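One-letter residues, chain by chain:
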Amino acid sequence: MGIKEIQEEIVDEFAMFEDWMQRYEYMIELGKSLPLIDEKYKTDDNIIKGCQSKVWVHAELKDDKLVFTADSDAIITKGIIAILIRAFSNQRPQDIIDADTDFIDEIGLKEHLSPTRANGLVSMVKQLKLYAIAYQTQLN
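Residues numbered from 1 in each chain as written. Predicted model: local features only at pLDDT ≥ 70, side-chain atom pairs only at ≥ 80, totals over all residues. Heavy atoms only, no water.

**What to know about the nonpolar core**
For soluble globular proteins, nonpolar side chains are generally found buried alongside one another. In plain terms, the rule: Take the buried Ala, Val, Leu, Ile, Met, Phe, Trp, Tyr and Cys residues and link them wherever side-chain atoms come within 4.5 Å; each set so joined is a nonpolar core. Under the scheme applied here, a residue whose accessible area is under 20% of the maximum for its type counts as buried, over 50% as exposed, and between as partly exposed, the area being computed with a 1.4 Å probe on protein chains only. Helix numbers and strand numbers start at the N terminus; a helix is a DSSP run of H or I with at least 4 residues, a strand a run of E with at least 2. Contacts: residue pairs with any heavy atoms within 4.5 Å of one another.
Membership of the largest hydrophobic core comes to 43 residues, with the highest contact counts inside it found for M27, V57, F68, I81, L84 and F88. A per-element tally of this core places helix α3 (residues 75–88) first, with nine residues. With residues up to four places along the chain from it excluded, the contact list for V57 reads I37, N46, I48, F68, T69, A70, I81, L128 and Y131.

Here is the structure:
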């Protein structure tokens, strides 16, 4: 499945819930299914700058596709990174670079987060794209 299809699937899932309490609960559940980062990668180098909580992200290239793992010390933040990883993991770096992130606005995530969490969300997206750029450069 491509990034766009996964993003549409996420939008549809969030649309099933009637209020933001249910959506937060769903995000917490998604966080529990997050592909967890190996402890050895929980270093300062892998911490996303600009997040109020600690969020670690690791990326590696497998069969020309970027595979992300992550963890966070906060349950909502863990859910946010889980959503992003679901959309962007196991995709070609160039596809990640070219992908838009409109689905975040479609589910209303930014407007329902505190300003510091919303900034963290932007930092997470930026970091995933930077990994994609770095790995795409290696492939060229």
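**Things to note about the confidence of the model for the protein**
Selection criterion: pLDDT is defined as a per-residue confidence score from the predictor, taking values between 0 and 100.
Scored by pLDDT, the protein comes out at a mean of 95, with 100% of its residues at no less than 70. Looking across the protein, the model is least confident in helix α6 (residues 115–139), with a mean pLDDT of 94, and most confident in helix α4 (residues 93–98), with 98.

**So, the packing of aromatic side chains**
Definition in use: Aromatic pairing here means that ring centres of Phe, Tyr or Trp (its six-membered ring) are within 6.5 Å. Orientation follows from the plane angle: under 30 degrees is stacked, over 60 is edge-to-face, and everything else is tilted.
Applying the stated criterion to the full structure yields five aromatic pairs. Ring geometry for F14 and Y26: centres 5.5 Å apart, planes at 75°, overall edge-to-face. One end of the pair, F14, is in helix α1 (residues 3–15); the other, Y26, is in helix α2 (residues 20–32), and twelve residues separate them in sequence. Across this residue pair, the class does not change: F14 and Y26 are buried.

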